[in-house]
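Listed here are the chains, written in short residue letters.
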Amino acid sequence: MDVAENFRAIRAELDSIARDEKILLVAVTKNHGVELMREAIDAGATDIGENRVQEAAEKFPALERNATRHLIGHLQTNKVKPAVKLFDLIQSVDSVHLATALDKAAAAIGKVQDVLIQVNAAREPQKSGVLLEDLNTLINFVDTTGNLRLRGLMMIAPNLPDAENCRPLFRQMRKLFDELKSARAAFDFLSMGMTHDYKIAVAEGANVVRVGTAIFGERVYT
Ligand SMILES: *Cc1c(COP(=O)(O)O)cnc(C)c1O
């Protein structure tokens, strides 16, 4: 597995898509060691994603590299304090309860925390994310906070054998994103697409993709 080669190939693929917005490639390093994180960054990765606060807290201090740090996994309110210290963009805000706790934690360290709202667009019961009918309430709440800045939306598509079946969902999300963006400032990121579906997500308008396996190989869970 040549991490540098994999990263550069996907970066080049994204760069070849002619569009007036840059597509951000988040290298998802969860369950991989700091060594591989460094390899990806040295190959040009500007953004890295972790899905657990505890794992990031162990790895980031040893990284000795600059990169934008994304939290892409579910965040529990009891982890908001380390989360606001560790992450530049928290992609998984999905409730007023969590937003309240994050705002307080960000205020306590004098930070304006960039966040995305995670949407459970396919209404999967096992997934986190706000349901579409509750999205406006959450957006309005985040707007009232003093220390959270809403930068866009995140979605994890259903893991279907044929990712092509998620195309309408990606398209629906881009439409929603554009509607919101037209009325807002600094609303820039639509994060959707992982190894098995990023090509389709990007074709339908994702401008942030979160890719792990295609860069680093299969994760081994022990
Ligand atoms: C693990 C993970 C990814 C990356 O998944 P791959 O299939 O390895 O590319 C993307 N997004 C989230 C939220 C994840 O937890």
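Before any of the text, the structure's been laid out above.
Residues numbered from 1 in each chain as written. Predicted model: local features only at pLDDT ≥ 70, side-chain atom pairs only at ≥ 80, totals over all residues. Heavy atoms only, no water.

A. View of the overall build of the protein. Regarding its fold elements, the protein presents 9 helices and 8 strands. On C-alpha atoms alone, the protein measures out to a radius of gyration of 17 Å, which is about the 17 Å that the 2.2 N^0.38 rule sets for 222 residues. Considering only C-alpha atoms, the protein reaches an extent of 45 × 40 × 35 Å along its principal axes. When burial is assessed residue by residue, the protein has 53% of its 222 residues classed as buried. Long-range pairs, those at least 24 residues apart, make up 58% of the contacts in the protein with a sequence separation of at least 6. Summing over all exposed atoms, the protein offers an accessible surface of approximately 10300 Å²; the carbon and sulfur share of this is 51%. Distance between charge centroids for the protein: 4 Å, based on 28 positive and 30 negative side chains. (Helix = DSSP H or I, 4+ residues; strand = E, 2+ residues; numbered from the N terminus. Rg over C-alpha atoms; globule rule 2.2 N^0.38 Å. Buried < 20%, exposed > 50% of the residue type's maximum accessible area, 1.4 Å probe, protein only. Contact = heavy atoms within 4.5 Å. Areas by Shrake-Rupley, 256 points an atom, 1.4 Å probe, with all protein chains shown as cover. Lys, Arg positive; Asp, Glu negative; His and termini not counted. Charge placed at Lys NZ, Arg CZ, Asp CG, Glu CD.)

B. View of the site of the ligand. Around the ligand sit V28, K30, I72, I156, M194, T195, R210, V211, G212, T213 and R219, and those are all the residues in its vicinity. In the environment of the ligand, a nitrogen atom lies 2.9 Å from a nitrogen or oxygen atom belonging to the side chain of R210. For the ligand, whose accessible area on its own is 390 Å², the fraction buried by protein is 91%. In terms of residue class, the shell around the ligand is built from 5 nonpolar, 3 polar and 3 charged. (Near = heavy atom within 4 Å. Polar contact = N/O pair within 3.5 Å; in protein donor to acceptor, adjacent residues only side chain to side chain. Nonpolar A, V, L, I, M, F, W, Y, C, P; charged D, E, K, R; others polar.)

C. Broad picture of the pattern of salt bridges. All told, the structure shown has 23 salt bridges when counted by the stated rule. Where D42 meets R65, a salt bridge forms, and the shortest distance between an N and an O atom there is 2.8 Å. Here D42, found in helix α2 (residues 34-42), pairs with R65, found in the loop between α3 (53-59) and β3 (68-71); they are 23 residues apart in sequence, far enough to count as distant. What makes D42 exposed here is its relative accessible area of 52%. (Salt bridge = Lys/Arg side-chain N within 4 Å of Asp/Glu carboxyl O.)

D. Representation of the pairing of strand β5 (residues 113-119) within the structure. Taking burial as the measure, the 7 residues of β5 include 7 buried ones, the bulk of the element. Side chains Q113, V115, I117 and V119 of β5 all project onto a buried face; the interleaved residues D114, L116 and Q118 project onto the opposite face, where all are buried too. When strand β4 (residues 89-93) meets β5, the two strands line up parallel, connected through 3 bridges. What sits directly across from L89, in β5, is D114. As for the winding sense of the linkage, the β-α-β connection from β4 through helix α5 (residues 96-108) to β5 is right-handed. Pairing between β5 and strand β6 (residues 148-155): 7 bridges, direction parallel. When the bridges of β6 are listed, Q118 appears paired with M154. (Pairing = 2+ DSSP bridges. Right-handed = clockwise from strand over helix to strand, strands pointing away.)

E. Representation of unusual backbone geometry in the model. Located in the positive-phi region is R123, a residue other than glycine, with phi close to 55°. As for its position among the elements, R123 is in the loop between β5 and α6 (135-144). R123 sits in the partly exposed class, given a relative accessible area of 46%. In the Ramachandran plot, A186 falls in the positive-phi region, its phi being about 60° despite a non-glycine side chain. On the secondary structure map, A186 appears in the loop between α7 (167-181) and β7 (189-191).

F. Local environment of the nonpolar core. L102, I117 and L153 are the most contacted members of the largest nonpolar core, which totals 68 residues. Top contributing element to this core by residue count: α7, with 6 residues. Among residues more than four places away in sequence, those in contact with L102 are L75, V80, V84, I90, V93, V115 and L148. (Core = buried A, V, L, I, M, F, W, Y, C linked by side-chain atoms within 4.5 Å.)

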